[in-house]
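Analysis of the macromolecular model
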Amino acid sequence: MPLDDDVTRSRTLVPGPARSRPAGRVVTAGAPTDLAPPAPPAAPARAVLTVAGAVVVTVEDGSAMAPVDSPRPHLHPVRTLAGTPVTDSAPVDHRHHRGVGIAVPDVDGTSHWGGRTHVRGRGSTLLENHGAQQVVEQDGDGAGALRQVVSWCDRTGGEQFREERRLRAVAAPGGWRLDWTSVLHARHPVTIGSPATNGRPGAFYGGWFWRAPFQGAETLVADGAGTALAHGSRSPWLAVSAPGAWLLAVQHGEVLPWFVRTEEYTGFGPALAFDARREVSPDEPVRIRLSVLVADGPTPAPGTVRAAALGLLATGVDA
């Protein structure tokens, strides 16, 4: 059985409570819903990040996403310096997976992940609980740096988080490096959950998440190789590779357990709610800080990967 509850199936919504954990109204088959696919939207706003004159990241604002996919800003495509794509977006298996972004299945019952929600005692259910993240400020240097302010709102428009996000792309040994810093300021006390905290063991996805196009990807963490070891690991770094390209992600500051999938699809990211709901208060923001080496070619030997990880950890990113 897959570890995710959001695999794309029928998108028929069915009725349920308006506020629960997770919250959401379920609508019976054939009932009207405001989550029906909207009219074709205007072209999304885009920005790019470049390294040595090459466009390595396209930043989408998420405005073209359907409400049921929990619209949010994201990076896609992300490419190696040679032009190999290392992100996937809106794949047929999980249409709400969008490149690289911050996607959380449960913020006080609101889904900022998209698709289905795991409901305790009911299982995977398509609820009318989808929120949206909107870019309200954006500026950059026109090359390798971008700053965004992102408003996270529930389905009624109530703001839950105001996020300060900074992205930077710079040359690095073996490829280029993406630095990502986000600070999520809660507008009022909230809790963050996951399918795991809502009753599905092992499905603790939610937070910063990278969907890759790799098939048969291999993984390596500080304790060794293999997805079984990487999934749930608190290693400060994770390497994910496939023929032709590889990625090395490191966490700065708080080290969270990695959610890792390499069967059916490849996706990974640090989990914000691993075995219990995470309480967030206005005076204690959530900080997410990572660096990712994006490289062409076959994955180096484990010793070389470990040395590169230590180098990334030593570099750090702005708090």
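The sections below set out a description of the structure shown in this document.

Thresholds applied
- Residues numbered from 1 in each chain as written.
- Predicted model: local features only at pLDDT ≥ 70, side-chain atom pairs only at ≥ 80, totals over all residues.
- Heavy atoms only, no water.
- Helix = DSSP H or I, 4+ residues; strand = E, 2+ residues; numbered from the N terminus.
- Contact = heavy atoms within 4.5 Å.
- Areas by Shrake-Rupley, 256 points an atom, 1.4 Å probe, with all protein chains shown as cover.
- Pairing = 2+ DSSP bridges.
- Axes fitted to C-alpha atoms, helices over the stretch in contact; angles between N-to-C directions.
- Core = buried A, V, L, I, M, F, W, Y, C linked by side-chain atoms within 4.5 Å.
- Buried < 20%, exposed > 50% of the residue type's maximum accessible area, 1.4 Å probe, protein only.
- Polar contact = N/O pair within 3.5 Å; in protein donor to acceptor, adjacent residues only side chain to side chain.

To continue, consider the overall build of the protein chain. The number of helices and strands found in the protein chain is two helices and 21 strands. Across the protein chain, contacts joining residues at least 24 apart in sequence account for 62% of those joining residues at least 6 apart. Here the protein chain has roughly 12,700 Å² of accessible surface; of this, 54% comes from carbon and sulfur atoms.

Our next topic: the sheet that holds strand 21 (residues 286–296). Here nine strands make up an open sheet; going across it, the order is 8-9-10-11-21-17-16-14-15 and the pairing antiparallel. In the strand order of this sheet, the two ends are held by strand 8 (132–140) and strand 15 (224–225), each with one partner. Looking at chain direction, strand 9 (residues 145–153) and strand 10 (residues 159–172) are connected through nine bridges and run antiparallel. Bridging across to strand 10, Arg 147 finds its partner in Arg 166. The sheet contacts of helix 2 (residues 302–315) involve strand 11 (175–186), strand 14 (218–221), strand 15, strand 16 (237–242), strand 17 (245–251) and strand 21, and relative to strand 17 the element is tilted by about 45°.

This brings us to the environment of Gly 232. Of note, Gly 232 is situated in the loop between helix 1 (227–230) and strand 16. Along the primary structure Gly 232 and Ala 203 are separated by 29 residues, whereas in three dimensions their C-alpha atoms are 10.0 Å apart.

Attention now moves to the nonpolar core. Counting residues in hydrophobic clusters, the biggest one holds 52 residues, and the most contacted among them are Trp 208, Trp 210 and Phe 268. If near-sequence neighbours (up to four positions away) are discounted, Phe 268 is found in contact with Trp 208, Phe 209, Trp 210, Leu 238, Val 240, Leu 247, Ala 249, Trp 258, Phe 259 and Val 260. Listed in part, the 12 residues of the second largest apolar core include Leu 220, Leu 248, Ala 309 and Leu 312.

Buried residues dominate strand 16, accounting for six of its six residues. Side-chain alternation along strand 16 places Trp 237, Ala 239 and Ser 241 on one buried face and Leu 238, Val 240 and Ala 242 on a second face that is also buried. Relative to strand 16, strand 14 is paired through four bridges, and the arrangement is antiparallel. Bridge pairing in strand 16 places Val 221 opposite Leu 238. Hairpin connection from strand 16 to strand 17: two residues lie between these consecutive antiparallel strands, with Gly 244 at a positive phi of about 100°.

Looking now at the side chain of Ser 291. Mapping Ser 291 onto the fold places it in strand 21. For Ser 291, a relative accessible area of 0% puts it in the buried group. A polar side-chain atom of Ser 291 sits 2.9 Å from a polar atom in the side chain of His 252. Ser 291 has contacts with Arg 177, Leu 178, Asp 179, Leu 248, Ala 249, Val 250, His 252, Gly 316 and Val 317, leaving out every residue within four places of it along the chain.

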